[in-house]
Amino acid sequence: TTPRTAADKSLEKTKSMKGKEKKKPAAIDPAWSALISLAAVKADLNKGGKPYEMSSFAEGKTKKICDTQMGLFIRYNMRQLSRIYPFGGRIDSSNYDPCPAWGAGAQLVALNFQTADTP
């Protein structure tokens, strides 16, 4: 027989409770997991953060930052990841304008897509 590789081992089949065979999930390599993990941190626009740190900003805070501290926000987004999310009280599925956040370099800008938006 040929030697089994890690890929072969990850595809081993196990029996479910009903007797059907199913694929066993592959184990995640800890080195790979450490490489791609993100740490959620409180945003500080004046402090230099680490590239694997990510902060979340509410829609209202993002608008205020873009209006008053755009240069700091751009520099922040050059160093770290930022996630912008819509105001939770939007019951009509409307969207805010994502362009200022994108213009400042925000990488993750969440939008509501329950209904079609108008241009």
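In what follows, the structure referred to is the one given above.
Scope of this entry: the structure provided in the associated data block. (Residues numbered from 1 in each chain as written. Predicted model: local features only at pLDDT ≥ 70, side-chain atom pairs only at ≥ 80, totals over all residues. Heavy atoms only, no water.)

What to know about the side chain of E59
Put simply, the rule is: By the criteria applied, helices consist of DSSP H or I runs no shorter than four residues and strands consist of E runs no shorter than two, each listed in order from the N terminus. Only protein chains enter the accessibility calculation, which uses a 1.4 Å probe. A residue is then buried if its area is under 20% of the maximum for its type, exposed if over 50%, and partly exposed in between. Contacts between residues were defined by any pair of non-hydrogen atoms, one from each residue, lying within 4.5 Å.
For E59, the position within the fold is in helix α3 (residues 59–68). The class for E59 is buried, based on a relative accessible area of 16%. Apart from the residues within four sequence positions on either side, E59 is in contact with Y85, P86, F87, R90 and Y96.

A look at the packing of aromatic side chains
Note the cut-off: Between 30 and 60 degrees the pair is tilted, below 30 it is stacked and above 60 it is edge-to-face, where a pair is any two Phe, Tyr or Trp rings, Trp via its six-membered ring, whose centres lie within 6.5 Å.
The tally for this structure, following the rule as stated, stands at 3 aromatic pairs. Both rings, one in F57 and one in F73, keep their centres 5.2 Å apart while their planes meet at 75°; by these two values the pair is edge-to-face. One end of the pair, F57, is in strand β4 (residues 53–58); the other, F73, is in helix α4 (residues 70–79), with 16 residues separating them in the sequence. Judged by centre distance (6.4 Å) and plane angle (20°), the ring pair of F73 and Y76 falls under stacked. Of this pair, F73 and Y76 are both found in helix α4, 3 residues apart, which corresponds to roughly one turn of the helix. For the pair F73 and Y76, a shared accessibility class is recorded, and that class is buried.

Brief notes about α4
The line we're drawing: To be clear, the arc concerns the directions from the helix axis to the C-beta atoms.
The set of residues buried in α4 consists of F73, Y76 and N77. Buried positions in α4, seen along its axis, are confined to an arc of 95° and lie on one side of it. Those residues of α4 hidden inside the fold are in contact with β4, α3 and β5 (81–85).

Description of the environment of P98
Among the structural elements, P98 can be located in the loop between β5 and α5 (99–103). P98 sits 39 residues away from E59 along the chain, and the two C-alpha atoms are 9.0 Å apart. With sequence-adjacent residues up to four places away left out, P98 is seen in contact with V109 and L111.

Examining the environment of E59
The test is simple: Polar contact is defined as a pair of N or O atoms within 3.5 Å, subject to the rule that within protein one atom must be able to donate a hydrogen and the other to accept it, and that residues adjacent in sequence are counted only when both atoms are side-chain atoms.
Remark: the alpha-carbon pair of E59 and G88, spanning 29 residues in sequence, is separated by 9.3 Å. A polar contact of 2.7 Å, which involves the side chain of E59, links it to the backbone nitrogen of F87.

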